[in-house]
Amino acid sequence: MKFIKFLLVGVLFGIVMAKSEAFSWYRIQEMFRFQAFHMYGIIGTAVVLGVIGVAIIKKFQIRDVEGNPILFHPKEKSVVRYLIGGTLFGLGWALSGACPGPMVVSIGYGYLSLAVVFLFATVGTLFYGLIKDHLPH
Amino acid sequence: MIEFISQPWSWWVSGTVISAIMFLLLFFGKSFGFSSNLRTICAMSGAGSISKFFDFNWKTQVWNLVFLAGAIIGGFISKEFLSTGEAVQISEATIRDLQALGFSKPVSVQPDELFSLEAMFTMKGFSMLAIGGFLVGLGSRYAGGCTSGHAISGISDLQVPSMIAVVGFFSGGLIMTWLIYPLIF
């Protein structure tokens, strides 16, 4: 039962991705063609509220449900891994019109071909695990 | 109420709910990052025996798989109960651009040219699904996160690595859209 809250938050995520059309390949194309504000508005609103909220959590040292402090872990410093990895991700994002979350929302919506995309995303992650020691980080 | 919810949601409602999801997960002692699930699935499948990268206690990540299951259910609920069945409301300019590439005017939320089962069983169609997915999976792990982990969670914490990753996300997306799409469609 301790997992039920994660299931409900996941359901909310699926509904918001579907109802705001953010899981649509068309919307991702529109974004990369700079032809509407919609996707920028979604990400922008989430980030602005996120920055404010994270600052409040840090300032007042807010704790989580179990009473532990909410901590933010700085990601390791690098440029090359974020730039190259990010670019590879972006190529796939624009091609399939979906990042990992929206992929599974699409599957639930009935687009079963997105299961192929998700399966190969898992294969891509597996491939990264096999070659990571040979990649610049 | 249902009629109201069934309309497409505006950007500010969506952005607000997404940040609320991030804060709920933080409040539950976790963090918002969806692509970690791909690594967890590899680990669960026994990939720890071929790479140390997958040799970790994946049971600590089950909560995120439950979140993933919820996302699938959320997609299903949206389709079955909260949808008016309308086509996606994209701009006329995008419709024209996509028609020039051979995509017909949207009639639903995803193009049949890419995602119908007929397209999936063609060599070209399957290849595009597979390559797109592969690049997302490889790139997100190399960059240490996807849109949720970097663009939302990381930038909310003003982390420079996440900002660099998002520059990469857009570089790749623009290259694919403007340089590679005209070659493959």
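Calculation criteria
- Residues numbered from 1 in each chain as written.
- Chains lettered and ligands numbered in written order.
- Predicted model: local features only at pLDDT ≥ 70, side-chain atom pairs only at ≥ 80, totals over all residues.
- Helix = DSSP H or I, 4+ residues; strand = E, 2+ residues; numbered from the N terminus.
- Buried ≥ 20, exposed ≤ 12 C-beta atoms within 10 Å, placed from the backbone.
- Contact = placed C-beta atoms within 7 Å.
- Expected span 1.5 Å × (residues − 1).
- Bend = angle between axes of the 7 residues up to and from the residue.
- Axes fitted to C-alpha atoms, helices over the stretch in contact; angles between N-to-C directions.
- Parallel < 35°, antiparallel > 145°, perpendicular 65-115°, else oblique.
- Left-handed = near helix turned anticlockwise from the far one by under 90°.
- Nonpolar A, V, L, I, M, F, W, Y, C, P; charged D, E, K, R; others polar.
- pLDDT = per-residue confidence, 0-100.

### Some points on the overall build of chain A
- Counting its regular elements, chain A contains six helices and zero strands.
- When the helices and strands of chain A are listed from N to C terminus, the series reads α-α-α-α-α-α.
- Its C-alpha atoms put chain A at 45 × 40 × 40 Å along the principal axes.
- Counting over 137 residues, chain A shows a buried share of 55%.
- Excluding contacts between residues fewer than 6 apart, the proportion of contacts in chain A whose partners are at least 24 apart in sequence is 42%.

### Focus on the overall build of chain B
- A count of helices and strands for chain B gives ten helices and zero strands.
- Order of helices (α) and strands (β) in chain B, N terminus to C terminus: α-α-α-α-α-α-α-α-α-α.
- For the C-alpha atoms alone, the extent of chain B along its principal axes is close to 45 × 45 × 35 Å.
- Counting every position in chain B, which comprises 185 residues, the buried fraction comes to 46%.
- Across chain B, contacts joining residues at least 24 apart in sequence account for 45% of those joining residues at least 6 apart.

### Here we look at helix α10 (residues 160-184) of chain B
Residues and elements named next belong to chain B.
- The terminal C-alpha atoms of α10, which comprises 25 residues, lie 34 Å apart, in line with the 36 Å expected from a rise of 1.5 Å per residue.
- The largest bend in α10 amounts to roughly 35° and is located at Met176.
- Those residues of α10 not exposed but buried are Pro161, Ser162, Ile164, Ala165, Val166, Gly168, Phe169, Gly172, Gly173, Met176 and Thr177.

### Here's the deal with the packing of helix α3 (residues 38-59) of chain A against helix α9 (residues 147-156) of chain B
- At a closest axis distance of 7 Å, the pairing of α3(A) and α9(B) adopts a crossing angle of 30°. As the angle between them shows, α3(A) and α9(B) are arranged roughly parallel. Between α3(A) and α9(B) the crossing geometry is right-handed. Within the contact between the two elements, α3(A) uses A:Ile43, A:Ala46, A:Val47, A:Gly50, A:Val51 and A:Val54 and α9(B) uses B:Ala151, B:Ile152, B:Ile155 and B:Ser156.
- A class-by-class count of the residues in the contact of α3(A) with α9(B) yields eight nonpolar, two polar and no charged.

### Let's talk about unusual backbone geometry
Residue and element names in this part refer to chain A.
- In the Ramachandran plot, Phe34 falls in the positive-phi region, its phi being about 55° despite a non-glycine side chain.
- Locating Phe34 in the fold gives a position in the loop between α2 (25-32) and α3.
- Phi at Gln61 takes a positive value of approximately 45°, unusual for a residue other than glycine.

### A word on the packing of helix α1 (residues 4-19) of chain A against helix α2 (residues 11-27) of chain B
- Where α1(A) contacts α2(B), the two axes come as close as 10 Å, and the packing angle between them is 160°. As summarised for this structure, α1(A) and α2(B) are arranged roughly antiparallel, according to the angle between their axes. The handedness of the crossing between α1(A) and α2(B) is left-handed. Residue-level contacts link A:Val9, A:Leu12, A:Phe13 and A:Val16 of α1(A) to B:Ser14, B:Val17, B:Ile18, B:Ile21, B:Leu24 and B:Leu25 of α2(B).
- Residues of the contact of α1(A) with α2(B), tallied by class, amount to nine nonpolar, one polar and no charged.

### Concerning the environment of B:Leu38
- Assignment of secondary structure puts B:Leu38 in helix α3 (residues 36-44).
- Once residues lying within four places of it in the same chain are set aside, the contact partners of B:Leu38 are A:Pro100, A:Ala121, A:Thr122, A:Thr125, B:Gly137 and B:Arg141.

### Thoughts on the confidence of the model for chain B
- In the predicted model, chain B carries a mean pLDDT of 96, and the fraction of residues at 70 or more is 100%.
- Two numbers describe this predicted complex: its pTM, 0.96, and its ipTM, 0.96.

### Description of α2(B)
- The terminal C-alpha atoms of α2(B), which comprises 17 residues, lie 24 Å apart, in line with the 24 Å expected from a rise of 1.5 Å per residue.
- At its buried positions, α2(B) is contacted by α1 and α3 of chain A together with α9 of chain B.
- One or two residues past the end of α2(B) sits B:Gly29, with phi positive at roughly 85°.

### Thoughts on the environment of B:Phe56
Residues and elements named next belong to chain B.
- By the element assignment, Phe56 lies in the loop between α3 and α4 (62-81).
- Given 13 C-beta atoms within 10 Å, Phe56 falls into the partly exposed group.
- For the pair formed by Phe56 and Ile73, sequence separation is 17 residues and the distance between their alpha carbons is 28 Å.

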